[in-house]
Each structure stands twice: as structure tokens, then as C-alpha cells.
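Results of the structural survey
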Amino acid sequence: MFSSVWLGWLGAALSMALPWPQVWRSCAQGRTGGLSPTACWMGAAMPVGWITYGLLTGETVQVVTNTVTGIAGLSVLAVVLVKQGELRSGRRLLVSAAGAAGVLTAAVGSAAVAVATDAAGTHVATFLGTVLAVAASLSAVPQPLSLLRDRNQDLAGLSPLRWRLAAGACACWTTYGLSTAQPAVWLSAAVGLASALIVCWFLLPANRAAEAPSMRELAPAVRPARGTTRLVRPAGSAFGPLVDGGGVAGPVLRPPSARVVRPASAVARSARPVAGPARGPRAGRPLRPALA
């Protein structure tokens with residue numbers, strides 16, 4: 001029993017710590033790419049249900065943990081709705097917030113039944129725990145499902161540390177629920193563990209690609225020299241552009257026999273009008289001014 005209590009508080013500590021890396025990335029840095037709106041809504045609603053469950057069962061660990069995570073989830077949800085205005089439309093809200101509305105209805109209804117009637121809190125908590133277990137299992141699906149459906153989407157809004165902490169917290173809660181015989185806890189935590197591992201698997205190659213410098217940034221840009229002259233090399237010349245082992249062009253050696261040919265545009269610019277009669281006219285032809 002002693003070890004179960006400490007295991008529960010360890011899971012609580014990890015649960016309270018896990019949302020803040022996401023809060024920093026979304027609220028402080030304004031990065032929301034890759035976040036599922038349905039998962040964000042559930043992240044704000046599920047703590048309310050678990051707080052009610054903790055009050056009905058007398059578990060302080062549930063109340064403290066989900067108060068902290070609920071504040072963080074609500075903050076992320078607010079930033080997502082502000083940054084992505086299309087999510088505030090009636091149709092999108094009906095789809096993304098339907099599950100959260102169901103969880104809140106179950107939590108408020110259970111609390112009202114426990115207060116207004118003589119029903120034991122443990123009986124009401126059993127019903128609410130079942131609803132929360134199903135809702136938690138369903139709420140863990142949207143985020144990995146979104147990544148599986150579109151593997152090329154922007155993942156800048158997902159915090160890798162948040163999902164690693166989620167995997168550790170869900171592992172602790174799964175063990176805690178099994179040791180204390182609470183199916184609602186260990187079932188929902190087991191599904192959350194699977195979801196967190198899937199998201200971590202997607203984020204691992206994305207982080208490596210973001211951290212590794214690209215070859216385009218490392219390789220020096222080799223641009224051809226822009227000039228008005230070009231080198232014409234004789235056919236039998238043995239000289240040519242030097243190329244090192246990395247494929248970077250070196251200085252060009254011009255043999256003594258090479259001749260420089262200016263383009264036609266340069267010749268045209270250097271032409272000057274000729275004044276006076278042309279020299280050496282041919283016999284039988286009149287003199288005419290030279291063309292500029």
C-alpha cells in the first residue's frame with residue numbers, strides 16, 4: 001500500500017509537469033502546428049472530470065494533479081483557438097468540442113446527483129469513472145490519428161518533452177490503477193501510454209531532421225563568375241579548370257596561346273562614329289560615311 005501511494009504521487013508529479021513544455025511552446029512561442037483541436041478540447045475538459053472523480057472518492061492526489069493540468073490545458077486551448085481562427089466556426093466547434101461537452105456534462109451531472117440525493121459518492125464515482133475511462137481512451141486517439149493521417153504536416157507545435165513525460169506519467173498511472181484495483185484509472189492510462197508512445201515515435205525523426213544541419217547550409221555556394229569576357233581555349237590545350245576532390249572549381253589557368261574574345265555587346269558599346277571620308281576607297285565607288 002505504501003508503494004502504491006508513492007507511485008500515485010510520482011504519476012501525479014509527472015502529470016503536473018508534462019503540460020508545461022507544451023504551454024511554453026504554444027503560449028510563449030506561439031507555435032501550434034500539428035496540434036489536434038479535439039485533443040486540446042479534451043485536454044481542458046478531462047481534468048474537470050477527474051477533479052470531480054477525486055472529490056467523490058476522496059483522493060486528494062487526483063484533485064491536486066488535475067487542477068494543475070486543467071489550467072495548462074485551458075491555456076493551450078485558448079492559444080490554439082486564437083491562432084487558428086477557422087476552429088472557432090460553428091461547424092468545427094461542433095465536431096472538435098463534442099467530446100469535451102460530453103465529459104463536462106457527465107462531471108456536472110455526477111456532482112449534482114451526489115449533492116442532491118442520498119446516493120453514496122463511491123457509487124456515483126463508479127459511474128463517472130467509467131465515463132471518464134471511455135472518454136480518456138477516446139481522447140487519446142485524435143492526436144496520433146492526426147499524425148497517422150497526414151505524415152507531412154507541420155509538427156512545430158508539438159513539444160517532444162511533453163509527450164515523453166506523458167509516457168512516463170501514463171506508465172505510473174497504469175501501475176497505480178492495477179495495484180489499487182481501479183479499472184477506470186489503469187484502462188485510461190494504458191490507452192494514454194500507447195498514444196504517447198506513438199506521438200514520440202513520430203517526433204523522433206522530426207527532431208533529428210530539425211537539429212541536423214542541411215548539406216545546403218554546410219556546402220559553400222559555388223557560383224560562376226559574371227563578367228563581360230570569356231575565355232576561348234584552343235582545341236589542343238591541356239589547361240583547364242582545376243577541380244579538387246570535393247567537386248569545387250578552382251582557379252582557371254589561361255595558356256599563353258589563348259585569346260580573349262569580347263562579346264558583341266561590348267564591341268557595340270566601344271564603337272565610335274567615324275568623321276571624314278573613308279580611307280582607301282575602291283575604284284568606281286562613291287565615298288559614303290562610315291556607319292556608327
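Before any of the text, the structure's been laid out above.
In short, a report on the structure. (Residues numbered from 1 in each chain as written. Predicted model: local features only at pLDDT ≥ 70, side-chain atom pairs only at ≥ 80, totals over all residues. Heavy atoms only, no water.)

This part covers unusual backbone geometry. We note that alanine 181 has phi near 60 degrees; this positive angle belongs to a residue other than glycine. Mapping alanine 181 onto the fold places it in the loop between helix H9 (160–179) and helix H10 (183–211). Its relative accessible area of 64% is what places alanine 181 among the exposed residues. (Helix = DSSP H or I, 4+ residues; strand = E, 2+ residues; numbered from the N terminus. Buried < 20%, exposed > 50% of the residue type's maximum accessible area, 1.4 Å probe, protein only.)

Moving on to the environment of threonine 38. Along the chain, threonine 38 falls in helix H3 (residues 37–57). The class for threonine 38 is partly exposed, based on a relative accessible area of 24%. For the pair threonine 38 and glutamine 143, spaced 105 residues apart in sequence, the C-alpha separation works out to 8.1 Å. If sequence neighbours within four positions are ignored, threonine 38 has contacts with Ser96 and Pro142. (Contact = heavy atoms within 4.5 Å.)

Another point: the packing of aromatic side chains. Using the criterion set out here, one finds three aromatic pairs in the structure. With a centroid separation of 5.3 Å and 85 degrees between ring planes, the pair formed by tryptophan 50 and tyrosine 53 is classed as edge-to-face. Taken together, the residues span about one helical turn, with tryptophan 50 and tyrosine 53 both in helix H3 at a distance of three residues. Comparing tryptophan 50 with tyrosine 53 shows no difference in burial state: the two are buried. Seen in terms of ring centroids, tryptophan 173 and tyrosine 176 are 5.4 Å apart; in terms of plane orientation they differ by 85 degrees. Their pairing is edge-to-face. Here tyrosine 176 and tryptophan 173 lie together in helix H9, a separation of three residues that amounts to about one turn. Of the two residues examined, tryptophan 173 and tyrosine 176, each falls in the buried class. (Phe/Tyr/Trp six-rings, centres within 6.5 Å; stacked < 30°, edge-to-face > 60°.)

What follows deals with the packing of helix H6 (residues 98–116) against helix H7 (residues 121–139). Put simply, H6 and H7 touch, their axes get as near as 10 Å, and they point 175 degrees apart. Put simply, H6 runs roughly antiparallel to H7. Counted together, Val103, Ala106, Ala107, Ser110, Val113 and Ala114 of H6 and Val124, Phe127, Leu128, Val131, Leu132 and Ala135 of H7 form the full contact between these two elements. Looking at the contact of H6 with H7 residue by residue, the classes come out as 11 nonpolar, one polar and no charged. (Axes fitted to C-alpha atoms, helices over the stretch in contact; angles between N-to-C directions. Parallel < 35°, antiparallel > 145°, perpendicular 65-115°, else oblique. Nonpolar A, V, L, I, M, F, W, Y, C, P; charged D, E, K, R; others polar.)

Turning our eyes to something else, we now look at H6. Relative to the 27 Å expected for 19 residues at 1.5 Å per residue, H6 spans 27 Å between its end C-alpha atoms, a close match to the ideal helical length. Taken together, the buried positions of H6 are occupied by Ala100, Val103, Ala106, Ala107 and Ser110. Relative to the axis of H6, the buried residues are bounded by an arc of 125 degrees and lie together on one face. Seen from the open side of H6, the exposed residues pointing more than 90 degrees away from its buried face are Thr105, Val108, Val115 and Ala116. If you follow the buried residues of H6, they end up packed against H3 and H7. (Expected span 1.5 Å × (residues − 1). Arc of directions from axis to C-beta.)

Purely spatial values, then, with no claim about function.
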